[in-house]
Amino acid sequence: MTADGGDDPQAPVRVGVLGCGTVGGALISILDEGADEVAARTGIRLEVTRVAVRNVARYRLPTLGSDRLTHDAHSVVCDPDVDVVVELIGGIEPARTLLVEAMRAGKPVVSANKELLANVGNELLAEAERAGVDLLYEAAVAGAIPLVRPLTESLAGERILRVMGIVNGTTNFVLTRMSEDGIGYGEALAEAQRLGYAERDPSADVEGYDAAAKAAIIAGIAFNADVVAGDVYREGITGIDPSDIEFAHRLGYEVKLLAVAERAGGSAARPVVAVRVHPAMVPRDHPLAGVRGSYNAVFIEGEASGELMLYGRGAGGRPTASAVLGDLVDAAHNLRAGGRGRAAPRARSEIRPIDELETQYYLTIDVEDRPGVLAAVATVFGGHRVSIRSMEQVGLGGEARLVFITHTALEADIQATISELALLESVERVGKLIRVIGPDPDAASGRAT
Ligand code: HSE
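Residues numbered from 1 in each chain as written. Predicted model: local features only at pLDDT ≥ 70, side-chain atom pairs only at ≥ 80, totals over all residues. Heavy atoms only, no water.

Visitor: Sorry if this is basic, but what is going on with the overall build of the protein chain here?
Guide: Secondary structure assignment for the protein chain yields 13 helices and 21 strands. Relative to the 2.2 N^0.38 estimate, which gives 22 Å for 449 residues, the radius of gyration of the protein chain is 25 Å and therefore close to what a compact globule would have. Judged by the C-alpha coordinates and their principal axes, the protein chain covers about 85 × 50 × 35 Å. In the protein chain, buried positions account for 54% of the 449 residues. Approximately 18600 Å² of the protein chain is accessible, and the part contributed by carbon and sulfur atoms is 49%. The protein chain carries 44 positive and 63 negative side-chain charges, and their two centres are separated by 2 Å. (Helix = DSSP H or I, 4+ residues; strand = E, 2+ residues; numbered from the N terminus. Rg over C-alpha atoms; globule rule 2.2 N^0.38 Å. Buried < 20%, exposed > 50% of the residue type's maximum accessible area, 1.4 Å probe, protein only. Areas by Shrake-Rupley, 256 points an atom, 1.4 Å probe, with all protein chains shown as cover. Lys, Arg positive; Asp, Glu negative; His and termini not counted. Charge placed at Lys NZ, Arg CZ, Asp CG, Glu CD.)

Visitor: Help me understand the sheet that holds strand 4 (residues 84-87), please; the structure alone is not making it clear to me.
Guide: Taken in spatial order, the 6 strands line up as 3-2-1-4-5-6 in an open sheet, and their pairing is parallel. The open sheet has two free edges, formed respectively by strand 3 (69-70) and strand 6 (135-136), since each of these has just one partner strand. As defined by bridge partners, strand 1 (residues 13-18) adjoins strand 2 (residues 46-52) across 6 bridges and the pair is classed as parallel. By the bridge assignment, Arg14 is partnered in strand 2 with Glu47. (Pairing = 2+ DSSP bridges.)

Visitor: Can you walk me through the environment of Ile414 in this structure?
Guide: Within the secondary structure, Ile414 is located in helix 13 (residues 411-423). Sequence-wise, Ile414 and Ser349 are 65 residues apart; in three dimensions their C-alpha atoms are separated by 26 Å. Excluding its chain neighbours within four sequence positions, the residues that come into contact with Ile414 are Tyr361, Phe381, Val386, Thr406 and Leu433. (Contact = heavy atoms within 4.5 Å.)

Visitor: Is there a simple way to think about the packing of helix 3 (residues 95-104) against helix 4 (residues 114-131) in this case?
Guide: Following both chains from N to C, one finds helix 3 and helix 4 inclined at 15°, their axes separated by 10 Å at the closest point. As far as their axial angle goes, helix 4 and helix 3 are roughly parallel. Seen from above, helix 3 lies across helix 4 with right-handed handedness. On helix 4, the residues that touch Ala95, Arg96, Leu99, Val100, Met103 and Arg104 of helix 3 are Leu116, Val120, Glu123, Leu124, Glu127, Ala128 and Ala131. (Axes fitted to C-alpha atoms, helices over the stretch in contact; angles between N-to-C directions. Parallel < 35°, antiparallel > 145°, perpendicular 65-115°, else oblique. Left-handed = near helix turned anticlockwise from the far one by under 90°.)

Visitor: It is not clear to me how the packing of helix 6 (residues 169-181) against helix 7 (residues 185-194) should be interpreted in this structure. Could you clarify?
Guide: For any two helices packed against each other, the geometry comes down to the angle between their axes and how far apart the axes lie. Running from N to C, helix 6 and helix 7 cross one another at 130°; their axes reach a closest spacing of 9 Å. It follows that helix 6 is oblique to helix 7 by the angle criterion. Two packed elements cross with a definite hand, and for helix 6 against helix 7 that hand is right-handed. Every residue of helix 7 that contacts helix 6 at Phe173, Val174, Arg177 and Met178 is listed here: Tyr185, Ala188, Leu189, Glu191 and Ala192. Its residues assigned to classes, the contact of helix 6 with helix 7 shows 7 nonpolar, no polar and 2 charged. (Nonpolar A, V, L, I, M, F, W, Y, C, P; charged D, E, K, R; others polar.)

Structural data, given as C-alpha cells:
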C-alpha cells in the first residue's frame, strides 16, 4: 500500500526523516509512544521507515532496526518505502537539494529549517507547486506555536496590519534575567549557556540573526510576499545595559527583542513590507511585556480581527517535533486525498528601508555636567526635527547621563541626531538607541503618524 493508493485507509503513511538530532529524536519518540492515538484522532497512521543520520554507529533507536538507519540522506529521499520526507538537517545545502529531489519524486516534504525557508523558501514553494505536493514548515518558526496555519488559513481573509513577535527564547531568557534579577548581560548570557539555551558561540541569537530569519518567514506568510532574511533590518541585544532596563522600568516599559513585520503602504495585492528585529521598549501593559524566560509569543494585528496573541515554546525537541507532527498529518491527509494545500510562490515584495521608520525612541547620552551642555544637546535634536517627549538627568560624578524619550520621529532624523551628538565636545558617549512601542501620548508635538 502506498499513502495515495486508497486501497487500505489503515495502511501507514511512511515517513523518511533526514537528520536525527534533538527534534528528530523527539519526533520518533512521540510516534513510538503515540502513533495509535494519532491514528485514532486523525485517521492517519504514521510510521517512520527510514532515518538519515550523520553517524549510524552512534544511534540506537529502540523501535527502529539498524537497517532503517543510513548516513545517505539521498537514499531516504529515493526510497520507494518513503511517502513523505521530513527535513531536520538545518542549513541550506544539502537540505535544499534533497527537498527538491523529494518533491520532484512526488513526495510531500515537511521542514523545520528556518534558514532554508528564510533564504530560498520561495524557490521551494515554486518547486512544490510544480510537483503538485505540499511543502509544510510550521516548525521553522516559533517551534510549537502554530503560526503558519493560523495566518494562512484561519486568517486567510484578514488584512494583516502588523505582526510583532518574541521569537528567540535565548535572548528573551537573558533579558528576563536582567529585568527581574538586575544582573548584567554577561552573567545572564553565561547562565543561558549553562542551561543549554545559548550556544557556546551565541551570536546567532544575541545578534538577532535567528530572529531575523524568523521575521522574514513571518512577513512572507503574513503579507503573502517573498521576503528573505537579507531584507530584515537587524540589531541584537549586546548593547543593552542594566541601566537601560532600570530606566525602562521607571518609564513603564520592559525591554524585549522584537521581530516586527508590518504593512507599510503599497496595494492590497502588493503591500510594501517593513521588517526588522531590534530591542524595543514594550509598555508594561502590552501582552508581549509579560512573556518571560525562554518563552516565545507572536502578537498579530488584523484589520477586522483586531489583536491576537499566540504564546508557547519556541524551541526544544518535543515542542518543535509537535509542530512537525501536525504538518506530517496534514501532508499525509492531502497525499491520501490526491491533492495538496494551497501554498503558492509569492511575488517579490518591496521592502521599506529602516530610514523611513517612524516611531518614538529612547536614547541615553553621557555628557560633561556643566552649563550650556543640555541646551547644545537639545539644539541638535531640534535641528533634525526630533521632538523630545521627556528627559531625565542622572549624576555620574563629574558627568551626567541624559535619558531621552522622543516623540515620534523619522529614523533617518534620529540617526542624523546621533551622528551629530557624537561630534559634540561635551558628549562623552552616546548609548544604545532603543525603539519604543506604542502610541505617542502627545503625537501633536512630534511628527504626524
Ligand atoms: N536559538 C533559538 C532560540 C531556537 O533561542 O529561540 C532556535 O531557533
